[in-house]
Amino acid sequence: MIDTLQMLIEPTLSTIYMTVGSTIFSLILGFPLGVLLCVTSPGNLIPMSMLNSGLGRFINILRAFPFIILMILIFPLSHLIVGTSIGTAAAIVPLSVAAAPFVARIIEGALKEVNPELILAAKAMGSSRRQIIFKVMIPEAYPTLINGITLTIINIIGYSAMAGAIGGGGLGDLAIRYGYQRFRTDIMLGAVLIIVVIVELTQFLGNKISNNIMQQRGL
Amino acid sequence: MITLGNISKNYNGLRVVDNVSLEIGENVIYGLIGKSGAGKSTLIRMMSLLESLDTGEIYYDNCRVDNLEREKLSRCRRQLGMIFQHFNLFSSRNVFGNVAYPLEIVGKDKETIKKRVSELLKMVELSDKFDYPISKLSGGQKQRVAIARALANHPKFLFCDEATSALDPQTTKSVLRLIKSIRDKIGLTVVIITHQMEVVKEICDYVSIIDNGKIVENGTVKEVVGFPHTKIAREFISTLDTLEKNALQTITSGSATCRLHFDSESVTKPILSYLIRNYQLDVNILSGAIRTVNKEPLGELVLKFIGSATELNRGIAHLESVGVTVEVLDD
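Here the structure is a predicted model, which is why all the values come from computation and not from measurement. Residue numbering note: each chain is counted from 1, following its sequence as written. Chain A is the first chain written and ligand 1 is the first ligand written, with later ones labelled in order. With the structure being a predicted model, the display of local features is reserved for residues of pLDDT at least 70 and the display and counting of side-chain atom pairs for 80 or more, all residues being used for whole-chain, interface and lining totals. Each side-chain value is derived from all of the structure's non-hydrogen atoms; neither hydrogens nor water enter the calculation.

Structural notes on the interface of chain A and chain B
- A contact between two residues is defined here by any heavy atoms of the two lying within 4.5 Å. Taken residue by residue, the interface counts 21 residues in chain A and 23 residues in chain B.
- Simply put, the buried area is the total loss of 1.4 Å probe accessible area from both parts when two parts are fitted together. In total, chain A and chain B occlude about 2100 Å² of area from one another, counting both sides; carbon and sulfur atoms represent 54% of this.
- Three residues stand out in chain A for area buried against chain B, namely Ala124, Met125 and Lys135 of chain A, and they jointly supply 29% of the buried area on that side.
- We define a salt bridge as a contact between a side-chain nitrogen of Lys or Arg and a carboxyl oxygen of Asp or Glu at a distance within 4 Å. Along the contact surface separating chain A from chain B lie 2 salt bridges.
- Residue Glu117 of chain A pairs with Arg45 of chain B through a salt bridge whose shortest N-O separation is 4.0 Å.
- Put simply, DSSP H or I for four residues or longer makes a helix, DSSP E for two residues or longer makes a strand, and each gets a number counted from the N terminus. Among the elements of the structure, helix 6 (116–124) and helix 7 (129–163) of chain A are those that each provide at least two residues to the side of chain A that touches chain B.
- By residue number, the principal contributor to the side of chain A that touches chain B is helix 6 of chain A, which donates 7 residues.

A closer look at the domain arrangement of chain B
Residues and elements named next belong to chain B.
- For the domain bounds, the source is a domain assignment made automatically or taken from a database. Taken domain by domain, chain B comprises domain 1 (2–229) and domain 2 (241–330).
- The C-alpha-based centres of domain 1 and domain 2 are spaced at 38 Å.
- Contacts between domain 1 and domain 2 engage 8 residues on the former and 9 residues on the latter.
- Both faces considered, domain 1 and domain 2 share a buried interface measuring about 860 Å² in area, 62% of it formed by carbon and sulfur atoms.
- Contact with domain 2 buries area across many residues of domain 1, yet Lys201, Lys222 and Phe227 alone supply 61% of it, more than any other trio.
- At the junction of domain 1 with domain 2, the criterion picks out 0 salt bridges.
- Side-chain atoms alone can form a polar contact between residues adjacent in sequence; in general such a contact is a pair of N or O atoms within 3.5 Å, and within protein one must be able to donate a hydrogen while the other accepts it. Counting every contact that joins domain 1 to domain 2 gives 1 residue pair in polar contact (both at pLDDT 80 or more).
- Sort the elements by how many residues they give to the side of domain 1 that touches domain 2 and helix 8 (residues 221–226) lands first, with 4 residues.
- Any residue that is not Ala, Val, Leu, Ile, Met, Phe, Trp, Tyr, Cys, Pro, Asp, Glu, Lys or Arg is counted as polar, Gly included; the first ten are nonpolar and the last four charged. Classifying every residue of the side of domain 1 that touches domain 2 gives 5 nonpolar, 1 polar and 2 charged.

Listed below in structure tokens is the structure:
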């Protein structure tokens, strides 16, 4: 029993490490793309149809790739950035690249929900584009953005289990190697249980933050 | 002063604003009234530099503003404030934050912002609500926050885009009074877009009637309400009272139905009884109203005259000779 628990500790930490790291990097990559996708769309703040449709297509292609294939294709990039293409740190690269287009679409959707009349009012007061994006659009979209980011984190947890399959470590890796290949049902169940708990906890926190913001706004 | 020189705008081949020229003087409250789809919203968005022009020019105090580059345009917009039908307040900010926004974007420091916001909230009588979320305010309170926000950077012009259309009559009056008192106190040129004649009558000094993208009638409110020239102007004015339109339509021929407009001088004289005594005419009163525009009484009567054609014409000629405008509605 103690032995099983001990075996679970390190992979759990690896999963958390991969998830947090990938979330941060996918946000860094995806957030600006999402803002760009939203503001360059027709009728929005800075309409640029060529850039908008080009970017949209690029993101769609990236999202269409099965994750496992993308991961292998990205090996050289991981090697370039982390110095190795195997291990937990290396897994963060394909995870971030895979989640970034998802983040971009989530951010785009959230920002597009902002009432265009508010943007008009901000314009009428003489706001610059930067002020409209950062002082109006993003704050107005906070509750939807938080929900979207929660969704992203949960997706990344799922993907990280797959990253385990190519030596990324983490709970997914543990479940496959011990649980599936060596018939250690206890370890498999333990790993799955921990993933369920992490997902539940993430969702709970996300909901709480989003609800708090709504409550502050009296909504 | 705002000057519009022959401005036009097309949407999908449709001329929404058609060659409008207008001069709006300093510290004037100017009403632009029209039915929905008349082009008034586009017009105010062009005036407030939110919408580009197809042709024409716009000047603020003799300075051309319709062809500015983006940077200068943003700066120029800071001399105008705007309020909207649906208030357009930021839900991400509370009352204080909303009023502070225009000050933040021009880079005012925290202390200055705090001082100015409390000044503004006092002016719109919402000092006690500074930390309220927007969603907890009533419609009238929201519009007052919007007014405070619009005036934060001491604008020269205030544009009101159907600002009272979502409010009940009582609240409408109090918001309009607030705008008027601010104009009187600090000096401000106000442009009001509306479809409600009550709004124009309540606070405007001048009014233009807009139909199909064109200005069809222009003048002081007293002139336009008292002596409307166009059919559309009359329609707007007749919404002021509850004239039974059906009653008008059932009148048979052989008589004449007329609308009489009395000015502030003729309204106090016994013109009608003189008419009946001296001409062979019978009179049936269909509707009537005396309204006060800018504290002066203006009268309107809809009458059915019964009598011979010659007597009718003599009677009408007499009425016009004593300063009553007669408009024959049917024969």
